[in-house]
Amino acid sequence: GTGGNLKLRVEATSKLDVNVTSTLIDQYVSTKASWTEDYYHAEPLVGMRKQRTPFIPFILSNKTGVILKFRTLTTTPSRVSRAPQDVAARARAAQPPGTTGEWRVVKPGDEVCFDFEKIGKQRHRNTHDMKVHQLLLEIHGWEPLTPMSVDKIGSYFKVASPLPGNQFLPTRVVFDISTEGSAKKLVTVRSALLVRNDLETLVDVRLENVSARKGPIEFSRLPPGSSLPVPLPLTSWNISVRPHQPEYAYSKPFSWAPPTSEAPKTVDAIYTCRPTDAAARYLSPYLVSVCIRSENYPRLVPAGGQAGGSFHLPGHTVTLLSPVSVTNLLPAEMRFYSRNPNLEWLVGAGKTTCLHSVTVDQDIHMGLLVEGFQRCRELTIPQGTRNYVVKFTLLDLKGRELDLTINIKSGSGRSLVITVSAPYWLINKSGLPLIFKQDSSQVEGAGQYEDHERGRSVTPLLFAYVDKETKEYCSIRIGKRYLQGQSYAGWCKSLPLEGGTGVRKLYIHRAGNAPDLVFRVGFEVQQGYGVYSDTNVITFVPRYHLENQTSHAIACAQRHFVAGKRDRDPDDDNAVVKVLPHSTVPFHWPRDDLDHLLCVRFVDDPGASAPCCWSGGFHIGRSDSFHVALRSRDGPLRFVVVEVMFQGAMFCTVIKEARNAPLPYRVDNLSDVAVKFHQRDAVDDSVRTQVRARSSVGYAMDEPTLTRALTCFVTGTFNSTASYNMDAIGYEQRLYYEDSVYVAMTATFGGGAPILTLRPAGGGGRHPPGTDLVLDVPYGTAVILKKKEPHKRSQLWRVTSRGQLYHEGSCTAAATSSSTAAARKDCGPVLDISDMSSQSGIYIPLVLRGVDVKRNATQTWHFSSDGTLRCNYNGLAVQSKDGLREGAEVVLGPGRMSPEQPTAPEQLISKQKLRPGSGTLSCKVIADGPTRVLQIRDVLEIHARGHGQGALRNRSDAEESIAKTSHIELSVALQDGIGVSLVNSVPEEISYITLSGITVHYKQDDTCSTFHTSINSLQVDNTLGSSSPVMFSHHSSERGGGEVALSVSWQKDHSRYSDIHTFKYLKLKVESLTLTVDEILLFKVIQFCRYGNDETMATFDVNSFSSNIPARSQDGGGGAAAAGGRCYFENFQINPTQIRLSIITSGQLPADLQRLKKTMGFPLIKFEGASIDLDSFQRHHMYETGIFLVNDIQKHYTGQLKGQALTLLGSVDFLGNPIGLVNDVVDGVSNLLKHGDIGGLFKNVAHGLSDSTAKVTGSLSDTLGSAAMDQRHKEMRDNLRNQAGSSMDHFAQGILGLGLGLFGGLTSIVTQTYDGATSGGIQGFVTGIGKGVVGTVTKPVAGILDLATGTASAIRSSASQDIKTKAPTPVRLPRCCVGPGGLLPTYSQQQAQGMDFMLRLTNNSTQERFIAMDQLLDDPNDNIRALITTATVRFMKRGDPDRDNIVLEVPHSHIFYSRYLQQDGLHCIDIIAKGDNSLGTADRSAQLFSKRQPRFVCDSAAIAQKVSQQINYAKGLYEETIHTVHPD
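Residues numbered from 1 in each chain as written. Predicted model: local features only at pLDDT ≥ 70, side-chain atom pairs only at ≥ 80, totals over all residues. Heavy atoms only, no water.

Draft legend 1. Up close: the overall build of the protein chain. In terms of regular secondary structure, the protein chain is built from 20 helices and 88 strands. Going through the 1528 residues of the protein chain one by one, you find that 46% of them count as buried. Long-range pairs, those at least 24 residues apart, make up 62% of the contacts in the protein chain between residues at least 6 apart in sequence. Looking at the protein chain as shown, the accessible area adds up to about 76000 Å², and 53% of this sits on carbon and sulfur atoms. (Helix = DSSP H or I, 4+ residues; strand = E, 2+ residues; numbered from the N terminus. Buried < 20%, exposed > 50% of the residue type's maximum accessible area, 1.4 Å probe, protein only. Contact = heavy atoms within 4.5 Å. Areas by Shrake-Rupley, 256 points an atom, 1.4 Å probe, with all protein chains shown as cover.)

Structure follows, in structure tokens:
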């Protein structure tokens, strides 16, 4: 680019692949949060200069309780040091395989920062190599540990053996690797024994060993919620605890070690801390529930290599809990008490209180009270209660009942968790006193008193349906505060409390003929989340809510009360609501039976010269955005912006000052006359606005609800008007005004010749001249000279094209002001002489006569070039008879005799216009961006200058010009486009998005910027192994179209306003789409987008359920509606399209997706191939905020989908997809009629019938399979159905389904009864018998339906092949998501094929991950390849993934290591086996492997070395996996 201009073109033929991972999103979110925090809360450094500190990415924290030392080791994945002890010893004795650091000592409790590489020049290092960072640790008293990688986040462990002669026992050393901040890694080294304090108080922990010489060791003040890693030498000691209070003694010691090898995973017990003798009088024993949980470590390890000897290693978490805890899920404080012992506790709202004096070894007699309820029906919790839900009744002061819900659950350590909740919270934010009751009940809801009647209660009201015999609906009335005299409040229409939003009218019936008072109250029902999921929160809000974001106080009133008041308030003070600056108020209509129109005005404007008048009325009951004009008696127009947003159940009206935003209308007066205008239907004279000549005035409709049309007339005229619809862009109409003239005596006006008067006959001397004299007919018909008076009609004349001078003062005003030529023709008398004809040398007076064709000679006048007024008689001129004085008679007499003779001053006559211009104005409605402009121009100026824009005096340069910008032109052409891979945190690739044939063109100049982009092909692949591998693609529609799948184009004009975006056009074109929504993929994508991560929030804020009252932004913006400014579109268009929609549901979702689905709250129904036609969305001259535009589009397409609900219903599977059957039949008949294809007709009919049959029977079999209530049987059915592909596969699936159903029915009673007994004891045994009886019937029937489904699916698949139904195929195979170092590798087609091979071989097992697959020998007779995973190494013959092709399968547990070996000139892979088969195996190939050392020949040394390194790397990953602490 040159001179500030830039032109850039980018072309690429290869695909650009982009990976978007969960880690990337987390990093972005955390970095954004950190930078935002630093930006907004940065403290200024006064007198200091911020110093940069070097970044050290690792921190080692020593929590082992002993001294340790470490050194760093940097290596690569191919030579990663994960060898056994002898290999590690060699690494310490010599130079290890990699780069090592110096030994560093860390004391107990210290933290040390470290790094793996020294800071140096980047070009001197091999930055392209993958690095593996490990630590070599030596702990004082134990043998050195094997290297531990610190690249991955998680918990890992090593087994440490004590040094010879040491009294310590073998133990586990845990490495907790986590992130600290945004980039640092914290490596915490600790023991595998943790003591966690889940109590609410500080705890003291004591460790003691009876056989040890030294006394017990105490750790005091363990904070709540924290954990204490037990020091490594003390992990075998006993533990005792007590609260951090000297009045209590320690509990009885306990040990984590299980007494037997068959110990359960969790051991629970309750220990007592008794008070000292001095404190026993006022303190009760302190009970602590202890849960000893064995974490996911290997249970037993060999003891020092002794055969048969074994012992337990510590790998436990000791959790200290309260034996009984009470959680208050009510919005008010609760008083909880027990009878044994007789104690009580105060539990705050949303808080949990621990009861350490109550034991679960006996019955618990309890009760609770809340504010307003002083009695209850006490509850007894029997000993041994585990999971139980019971109703608990409270009674208020009037004896009214309230049923609460008490949920009793058993927790860890034999503890009980008692949760108290209410079914409904009623939150009153309406500004009105509300009283509630159950519908059809005669008693008001419990807990309501005089404070509720007066509206003085601010806490949520607890509500429950007590009368079970009536309908569960609620009813409301107004409290007594609004009742006066004999008025009474009526109960509203019943409303449900289960979901949704709505509005109710509340009536106050007044005595006599007074109209009822009506209040509209909106309500929104929200279900609680997390622990509050059993509570519905109903928020009652005013239907209308006013927010003032201006700097002035605003008065608001219903229009009925302020009509005709101008700037005065109504007599009724209750009719006006005043809103202070930057505040909000609720609003209710004073008279609901009158028009719901709101008027506003400023009430405190000290800068105004006159009070502000009431505005016109506008609606606040629908979403909209508009300007409102505010007038004063003599001040200029002022404007405010009103935005009405519907949020929840409330209309929120935001009033803002109209700054830095264009007004909706403008009048540009480019003529030379002043023009007045007003809204057409607004009849008040005070709303008229004047536009001076060559000026412009902004405007907003005075009455927003009336027609948006303006009526205009020229100032000074009152009957010549014209109206213009401001919504009709391009509308043009002429406006006429009076073009009258004065006939003036030129010499009496400045600039004329010297005034000389002649002596009249019989007189003498000179007469003083008059000034500004014109022809006047003050009375009668005689014409005399009079001083010029503005707009005096008797002095005005109208010159016609025939030369006649009509006297305006003698014409009717209606005729002269008419806008039509016919009405103005022959209007009134004209100038004439008093005699029948002229006579030479005689002065004849001028008079007015009617138009007469016979007197054309004396009624036709012209202003000659010598400055005189003459008729058709030669030599005669109009002149003053008695000199230039006021009152002189005007006559027609002899003019000058020759051209050389000067003209006498009495004969100099000229015409002067009353108003400038031609008398005809052209008024046209045009668009200037978002502003509608009424442009007024004189017709003569249009003919002379054309239609260009004229100059306006009051338009600033900033308004008429926009700053010049750089010229930019950017072109991008990507032939193969972009590929986006979405990888979640598992890690697994969930989707691959392909955008091919991308073209982008952007151009910017001084006036506008244009943008156009198109995508030829768009496809989204489902890479999770679904039956539908393509989620989203485009297809050719019946409407035709090009090859472009998606195109977007717009032209944006540069705006003088920073927050206004003006678009000439915006067009979005979408080709017909095929969308297949897979349930698993859908929820994984939602999970990937970080939705629903906080659904289990433990804290709760009452105000979080009042989100329908918008919070005011800090910058004064109007909430969401004001965000991002406003957009104007001259043309906005989304083309019509067609969507072929299918939904695939899953029989079983993972637990995390089940929770997410429950949080989302919408069910999915399975259907296929529903064709949905969406009409185009078009808007012209639209000026709205972004949220209004989105809501408009959403409303349009929601209506489109609702209109095609029948199509969706006709495509569901449980009805057999009748729409699909009809479409198949129609296609077959069409082919028969067009091409005579009889076979095609039969094939289409067969496809439709088989498809319907398969879907109906499949739906029935799924229902029966679920009714069997056997999860294992259901999983087996799902696995069978996922294996179907071809027609034979479908038929074989049906046969296997029948066999599985019959076998399941025969064994159902036995298997279900056994499973129930083992999991639930006697109760489970009884339940299992019932399930078994049901399964005996349902499973065989489901098997028969599976056979029918498989047979029909086979026919359908065969027919689909015959009719050539082409489905889109995936762009590529799913990627391998784990590479060296645990990082995401570059996509490799070979690796993808290898992973697909492994999944097909292992039936999509998730127990092992793919590492590599390589060809060893490319020999037809001995074609061997190696498939390496994290679990096994398989050597296979070339062919399909079949277990019969496996030559040798070796688990990593049997491999010592692998090496490259050259023997007899052959390049071999030598696998060294372990000396003993300690873990045992039942696999034949593994047993064979343990007896010999197989060697596999490779084509080259490079292949042999590569495969050996990959086996060693996989072996290291396996070792890392078995040393990983996996969470439950």
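Draft legend 2. Local environment of the sheet that holds strand β12 (residues 184-191). Strand order in the open sheet formed by five strands is β7-β3-β12-β11-β10, and the pairing between neighbours is mixed. Each edge of the open sheet is held by one strand with a lone partner, namely β7 (111-114) and β10 (154-160). Neighbour to neighbour, the strand axes of the sheet diverge by 20 degrees on average, direction disregarded. Direction of pairing for strand β3 (residues 58-63) relative to β7: antiparallel, over a ladder of four bridges. In the strand pairing of β7, Leu60 is matched with Val112. (Pairing = 2+ DSSP bridges. Axes fitted to C-alpha atoms, helices over the stretch in contact; angles between N-to-C directions.)

Draft legend 3. Focus on a negative patch on the surface. Together, Asp1418, Asp1419, Asp1422 and Asp1499 make up a negatively charged patch on the protein surface. Its location among the elements puts Asp1499 in the loop between β88 (1495-1498) and α20 (1501-1522). Of the residues examined, Asp1499 reaches a relative accessible area of 42% and is grouped as partly exposed. (Patch = residues over 30% accessible without salt bridge, like charges linked within 9 Å, V, L, I, M, F, W, Y side chains within 5 Å. Salt bridge = Lys/Arg side-chain N within 4 Å of Asp/Glu carboxyl O. Lys, Arg positive; Asp, Glu negative; His and termini not counted. Charge placed at Lys NZ, Arg CZ, Asp CG, Glu CD.)

Draft legend 4. Region of interest: helix α12 (residues 1186-1203). Taking 1.5 Å per residue, 18 residues should reach 26 Å; α12 reaches 26 Å between its end C-alpha atoms and fits that length. Among the residues of α12, Phe1188, Leu1189, His1196, Tyr1197 and Gln1200 are the ones counted as buried. With its buried residues spanning 160 degrees around the axis, α12 presents them on a single face. Exposed residues lying more than 90 degrees from the buried face of α12 are Val1190, Gln1194, Lys1195 and Lys1202. On its buried face, α12 is in contact with β46 (624-630), β47 (638-647), β78 (1126-1134), β80 (1167-1174) and β81 (1177-1185). (Expected span 1.5 Å × (residues − 1). Arc of directions from axis to C-beta.)

Draft legend 5. Region of the structure containing the environment of Val1225. Within the secondary structure layout, Val1225 lies in helix α14 (residues 1218-1235). We classify Val1225 as partly exposed; its relative accessible area is 31%. Not counting chain neighbours up to four residues away, the residues in contact with Val1225 comprise Leu1241 and Val1245.

Draft legend 6. Main features of the nonpolar core. Phe336, Met366, Leu368, Leu394, Leu404 and Ile406 are the most contacted members of the largest nonpolar core, which has 41 residues in total. When residues of this core are assigned to their parent elements, the largest contribution, five residues, is made by strand β27 (residues 364-370). Apart from residues no more than four positions distant in its own chain, Leu404 is found in contact with Leu330, Leu368, Val390, Lys391, Phe392, Leu394, Val420, Ser421, Ala422 and Leu462. (Core = buried A, V, L, I, M, F, W, Y, C linked by side-chain atoms within 4.5 Å.)

Draft legend 7. Representation of the pairing of β88. Alternating residues of β88 divide into Phe1496 and Cys1498, all buried, and Arg1495 and Val1497, none buried. The pairing of strand β87 (residues 1466-1473) with β88 spans four bridges and is classified as antiparallel. Looking at the pairing, Asp1470 lines up with Arg1495 of β88.

Draft legend 8. Focus on the packing of aromatic side chains. Under the defined criterion, the tally for this structure stands at 30 aromatic pairs. With centroids separated by 6.4 Å and ring planes inclined at 55 degrees, the aromatic side chains of Tyr424 and Phe463 adopt a geometry described as tilted. Placement of the pair is Tyr424 in strand β33 (residues 424-428) and Phe463 in strand β35 (residues 461-463), with a sequence separation of 39 residues. Assigned by exposure class, Tyr424 and Phe463 land together as buried. Aromatic pair Tyr724 and Tyr731: ring centres 6.2 Å apart, planes at 65 degrees, arrangement edge-to-face. (Phe/Tyr/Trp six-rings, centres within 6.5 Å; stacked < 30°, edge-to-face > 60°.)

Draft legend 9. Region of the structure containing the packing of α14 against helix α15 (residues 1238-1267). Relative orientation of the contacting elements α14 and α15 amounts to 175 degrees, with a least axis distance of 8 Å. Classified by the angle between their axes, α14 and α15 sit roughly antiparallel to one another. From α14, Leu1221, Asp1224, Val1225, Asp1227, Gly1228, Val1229, Asn1231 and Leu1232 reach across to α15, where they touch Ile1238, Gly1240, Leu1241, Asn1244, Val1245, His1247, Gly1248, Leu1249 and Ser1252. Of the residues belonging to the contact of α14 with α15, the class tally is eight nonpolar, seven polar and two charged. (Parallel < 35°, antiparallel > 145°, perpendicular 65-115°, else oblique. Nonpolar A, V, L, I, M, F, W, Y, C, P; charged D, E, K, R; others polar.)

Draft legend 10. Highlighting unusual backbone geometry. In this model, Asn340 is joined to Pro341 through a cis peptide bond whose omega is 0 degrees. On the secondary structure map, Pro341 appears in the loop between β24 (334-339) and β25 (342-347). A cis amide bond links Val986 to the next residue, Pro987, at an omega of 0 degrees. Position of Pro987 relative to the elements: it lies in the loop between β71 (978-983) and β72 (989-1004). Phi at Arg221 is positive, roughly 60 degrees, even though this residue is not glycine.

Draft legend 11. View of the sheet that holds β47. Taken in spatial order, the five strands line up as β44-β41-β48-β47-β46 in an open sheet, and their pairing is mixed. Only two strands of the sheet have a single neighbouring strand rather than two, namely β44 (583-587) and β46. In this sheet, adjacent strand axes meet at a mean angle of 25 degrees when their direction is disregarded. Alignment of β47 against strand β48 (residues 650-657), held across eight bridges, turns out to be antiparallel. Bridging from a neighbouring strand, Val644 pairs with Thr653 of β48.

Draft legend 12. Spatial organisation of the packing of helix α10 (residues 1079-1088) against helix α11 (residues 1151-1160). Orientation of α10 relative to α11, taken along the N-to-C sense of each, is 80 degrees, at an axis distance of 10 Å. Taken together, the axis directions place α10 and α11 in an arrangement best described as roughly perpendicular. Across from Glu1079, Ile1080, Phe1083, Lys1084, Ile1086 and Gln1087 in α10, the residues of α11 making contact are Asp1152, Leu1153, Leu1156, Lys1157 and Met1160.

Draft legend 13. Expanded view of the side chain of Asn1022. Within the element layout of this structure, Asn1022 appears in strand β73 (residues 1008-1022). A polar contact of 3.1 Å, which involves the side chain of Asn1022, links it to the backbone nitrogen of Leu1024. Apart from the residues lying within four places of it in its own chain, the contact partners of Asn1022 are Ile990, Ser1028, Pro1029, Val1030, Met1031, Asp1078 and Leu1081. (Polar contact = N/O pair within 3.5 Å; in protein donor to acceptor, adjacent residues only side chain to side chain.)

Draft legend 14. Quick peek at the pattern of salt bridges. The full count for this structure, using the stated rule, is 54 salt bridges. A salt bridge links Arg1459 to Asp1470; the shortest N-O distance between them is 2.8 Å. You can see Arg1459 sitting in strand β86 (residues 1455-1463) and its partner Asp1470 sitting in strand β87, a full 11 residues away along the chain. For the salt bridge of Glu1519 with Lys1515, the shortest nitrogen-to-oxygen distance reads 2.8 Å. Taken together, the positions of Glu1519 and Lys1515, both in helix α20 and four residues apart, correspond to about one turn of that helix. Residue Glu1519 is classed as partly exposed on the basis of its relative accessible area of 22%. One network of salt bridges, in which partners are shared, links Asp672, Arg694, Arg937 and Glu941.

Draft legend 15. How the structure looks around the pairing of strand β59 (residues 796-799). Both strand β56 (residues 741-745) and β59 contribute to a ladder of two bridges, which runs antiparallel. The residue of β59 that forms the bridge with Tyr742 is Leu796. Once β59 ends, the chain turns through five residues before running back antiparallel as strand β60 (residues 805-807), passing Gly803 with a positive phi of about 90 degrees.

Draft legend 16. Focus on the confidence of the model for the protein chain. Averaged over every residue, the pLDDT of the protein chain is 82; the share at 70 or more is 85%. In this model, residues 80-96 is a region of pLDDT below 50 whose contacts with residues beyond four sequence positions or in other chains number 29 contacts. Taken as a whole, residues 1102-1123 scores under 50 in pLDDT and shows 50 contacts with residues more than four places along the chain or in a different chain. (pLDDT = per-residue confidence, 0-100.)

Draft legend 17. A nonpolar patch on the surface, seen in detail. Judged by side-chain polarity, Ile1309, Ile1322, Phe1325, Val1326, Ile1329 and Val1333 come together as a nonpolar surface patch covering roughly 560 Å² of accessible area. Relative to the elements of secondary structure, Ile1329 occurs in helix α17 (residues 1287-1362).

Draft legend 18. A look at the side chain of Thr535. Structurally, Thr535 is set in the loop between β39 (517-527) and β40 (536-542). Residue Thr535 is classed as buried on the basis of its relative accessible area of 2%. Those residues in contact with Thr535, other than ones at most four positions away along the chain, are Ser421, Ala422, Pro423, Trp425, Gln526, Gln527 and Gly528.

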